[in-house]
Each structure stands twice: as C-alpha cells, then as structure tokens.
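Coordinate analysis (summary)
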Amino acid sequence: MPINQTALITGASAGLGQLFAEKLAARGYDLIITARRQDRLDEIAKQITETHGVKVDTLSADLSAYDDIRTVEEKIRTTENLTLLINNAGFAVPGYFHEINVHDNIDMCRVHIEATMRFCSAALPGMIERKQGNIINVSSVASFIPVPKGTTYCATKAYLTMFSECLNMESSPHGVHVQALCPGFTRTEFHKAAEYSDEELSQIPGWMWLDAEDVINESLRAMDKGKCVVVPGKRYRFILFLFRLPVIGSILKNSTRKRRR
Ligand SMILES: NC(=O)c1ccc[n+]([C@@H]2O[C@H](COP(=O)([O-])OP(=O)(O)OC[C@H]3O[C@@H](n4cnc5c(N)ncnc54)[C@H](OP(=O)(O)O)[C@@H]3O)[C@@H](O)[C@H]2O)c1
C-alpha cells in the first residue's frame with residue numbers, strides 16, 4: 001500500500017490552521033497537528049479522521065517555549081514522508097511598543113521567527129533529498145505595511161515574507177517550494193485572542209474582511225502552481241499596488257499612522 005503524504009501544521013487548533021488541516025485531509029494527506037490546546041486538537045483530529053479516513057497525530061506544544069520548539073523540531077526531523085510543512089501559529093499583541101511587556105514581544109519572535117526558522121531547517125534536508133516538498137509560512141499583508149501599535153507583529157511578519165522568498169530561491173531548483181502567505185484581515189479567532197476592543201474592530205470596513213476559506217483555497221491553489229508570495233483577495237493586491245506607488249504610497253502610510261492613534 002502506498003504511504004500517504006504527511007503535512008505538519010502549527011497553530012492547527014483554530015482559524016486558518018484548522019482549515020488547512022481539513023482541506024489537506026480532503027486531499028488525502030495524513031496530518032500532524034500542533035498547538036497549545038490539546039483538547040481542541042483531539043476534537044479536530046477525531047472529526048477529520050471520521051470525515052476523511054486519514055491518520056491524524058496531535059502534538060501539544062507552546063512555540064514560545066524553547067523545549068516545546070525542540071520537541072516539534074525533532075518530530076519534523078524524524079517524520080520520513082513529510083511533504084508539507086505549514087508554519088501558521090501566530091498571534092498579535094496590539095499596543096504601543098513602549099507599553100507592551102518586552103517578554104510578550106520576545107514570545108512573538110519565538111513563535112513567528114525562531115520556530116519557523118528551526119522547523120524549516122529541520123524539514124528541508126529530507127525534502128531536498130527526496131526532491132519534493134512544500135513549505136507554507138503564514139505571514140501577513142502587515143509584512144508590507146508599517147503601522148503603529150503593530151511594531152513587532154509587522155517586523156516579524158516582514159522577516160517571514162523575506163525569509164520565504166530567499167528560501168524559495170534556494171530550494172525551488174531542488175523541487176521544494178516555499179510560500180509566504182500574506183492575508184489581510186481574516187475572520188478567525190485571531191482578533192479575539194489579541195483582545196482587540198469592539199471599537200477598534202468597528203473601525204475596519206466590512207469590505208476589508210476576508211473569508212478564511214477563501215484564504216486557504218488561494219494558498220493551496222498557489223502551492224499547486226509553486227507560487228511564492230501569495231496575497232489573497234484582489235482588493236488587497238490593489239491596496240499593495242497603491243502602497244508601492246511613491247506619492248500615493250506615502251499619503252496612504254500617513255493616513256494609516258493617523259488612524260491608529
Ligand atoms: N486573522 C487575521 O486577520 C490574520 C491576518 C494576517 C495573518 N494572520 C496570521 O495567520 C496565522 C493564523 O492565525 P488565525 O487568524 O488562524 O488566528 P487564530 O484563529 O487565533 O489561530 C491561531 C493559532 O495559533 C496558535 N498559537 C498561538 N500562540 C501559540 C503558541 N505560543 N504556541 C503554539 N501555538 C500558538 C493557536 O493555538 P493555541 O491557542 O491552542 O496554542 C491557534 O491554533 C497567524 O500566524 C496570524 O498571524 C492572521
């Protein structure tokens with residue numbers, strides 16, 4: 001019997017990670033899903049196994065903790081048929097940099113940067129040897145647009161986008177493709193977890209919200225084509241086009257700065 005392809009997904013207990021898990025199971029992937037909340041992972045694993053008949057392993061890990069990062073890293077290194085790695089776990093701590101506890105920012109660097117870097121480093125040698133594999137690093141449209149009250153978030157996501165682009169240049173000649181998925185505002189548990197106030201959320205126009213399913217579908221379609229930087233939704237691609245124009249871009253950046261005060 002042929003062995004199924006295996007995908008490991010971080011941050012799979014909710015939102016985009018959970019949806020990635022469901023969509024990949026529907027494509028026949030066996031899964032390793034990880035996040036901190038074991039009860040959620042168990043529930044999702046049970047539901048996916050019942051619906052799609054694939055194998056789902058769970059691994060509870062806090063990716064802001066060094067020992068837990070190393071546990072997941074080891075799992076990646078020792079999973080022989082790992083063909084897809086999705087570094088999706090993430091969170092925001094909204095607020096001015098000088099008002100945020102520095103440990104929260106360090107945790108964010110661990111989850112967004114250190115975990116992603118270590119997991120790519122653990123996955124790539126095997127993928128390159130097999131000449132097959134995909135890595136999706138979930139970045140953000142915030143990686144292109146600096147905003148106040150999002151300093152570390154924007155900076156860590158900018159790292160992820162640049163990291164993915166460079167890595168893709170190195171690994172795609174070996175048959176391994178790396179994607180930076182850069183969504184805009186998407187309906188998940190993300191904003192509730194970050195404790196954004198209702199007032200802050202009400203300032204985001206309705207047309208700026210993306211449907212999580214559309215984001216995942218665009219990402220997987222782009223993966224099938226080997227595309228590297230993926231900004232889901234025409235409206236966000238248009239916004240980025242405007243931001244990159246010298247005069248209009250600086251006007252838009254100034255208005256973003258004023259609105260976030
Ligand atoms: N939603 C948006 O508007 C938006 C926009 C652009 C980019 N993104 C990015 O998309 C990714 C997924 O976010 P989402 O929107 O799906 O949010 P979500 O619904 O809040 O899910 C976040 C996931 O990350 C996990 N996670 C958070 N902190 C963790 C930690 N310390 N260790 C391990 N896992 C952790 C959470 O699981 P546990 O709590 O169980 O650990 C959860 O499974 C993130 O990287 C986010 O930055 C989101």
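Structure report, in brief. A quick note: this is a predicted structure, and the numbers were derived from the prediction, not measured. (Residues numbered from 1 in each chain as written. Predicted model: local features only at pLDDT ≥ 70, side-chain atom pairs only at ≥ 80, totals over all residues.)

**Topic: the environment of Ile-44**
- Counting through the fold element by element, Ile-44 comes out in helix 2 (residues 38-52).
- Here Ile-44 falls in the buried class, since 24 other C-beta atoms lie within 10 Å of it.
- Measuring from C-alpha to C-alpha, the distance between Ile-44 and Ile-33 comes to 9.1 Å, with 11 residues separating the pair along the chain.
- Ignoring anything within four residues of it in the chain, the contact list for Ile-44 reads Ala-12, Ser-13, Gln-18, Ala-21 and Ile-33. (Helix = DSSP H or I, 4+ residues; strand = E, 2+ residues; numbered from the N terminus. Buried ≥ 20, exposed ≤ 12 C-beta atoms within 10 Å, placed from the backbone. Contact = placed C-beta atoms within 7 Å.)

**Let's talk about the pairing of strand 6 (residues 176-181)**
- Among the 6 residues of strand 6, 6 are classified as buried, and the element is accordingly described as predominantly covered.
- Here strand 6 shows a buried face lined by Val-176, Val-178 and Ala-180 and a second buried face lined by His-177, Gln-179 and Leu-181.
- The pairing of strand 5 (residues 133-138) with strand 6 spans 6 bridges and is parallel. From the neighbouring strand, Gly-133 faces strand 6, where its bridge partner is Val-176.
- Relative to strand 7 (residues 229-230), strand 6 runs parallel, the two being bridged by 2 bridges. Across the sheet, Ala-180 pairs through a bridge with Val-229, a residue of strand 7. (Pairing = 2+ DSSP bridges.)

**A short note on unusual backbone geometry**
- Of note, the phi angle at Lys-149 is positive, near 65°, even though the residue is not glycine.
- Owing to 17 C-beta atoms within 10 Å, Lys-149 belongs among the partly exposed residues under this scheme.
- Of note in this structure, Glu-195 is not a glycine but carries a positive phi near 60°.
- Within the secondary structure layout, Glu-195 lies in the loop between helix 6 (190-193) and helix 7 (198-202).

**Here we look at the pairing of strand 5**
- Most of strand 5 is tucked away: 6 of the 6 residues are buried.
- Here strand 5 shows two buried faces, one formed by Gly-133, Ile-135 and Asn-137 and the other by Asn-134, Ile-136 and Val-138.
- One ladder, built from 4 bridges, connects strand 4 (residues 82-87) with strand 5; its direction is parallel. By the bridge assignment for strand 5, Ile-86 is matched with Ile-136.
- The parallel pair strand 4 and strand 5 is bridged by helix 4 (residues 102-130), and the resulting crossover is right-handed.
- Crossover handedness for the path strand 5 to helix 5 (residues 151-171) to strand 6: right-handed. (Right-handed = clockwise from strand over helix to strand, strands pointing away.)

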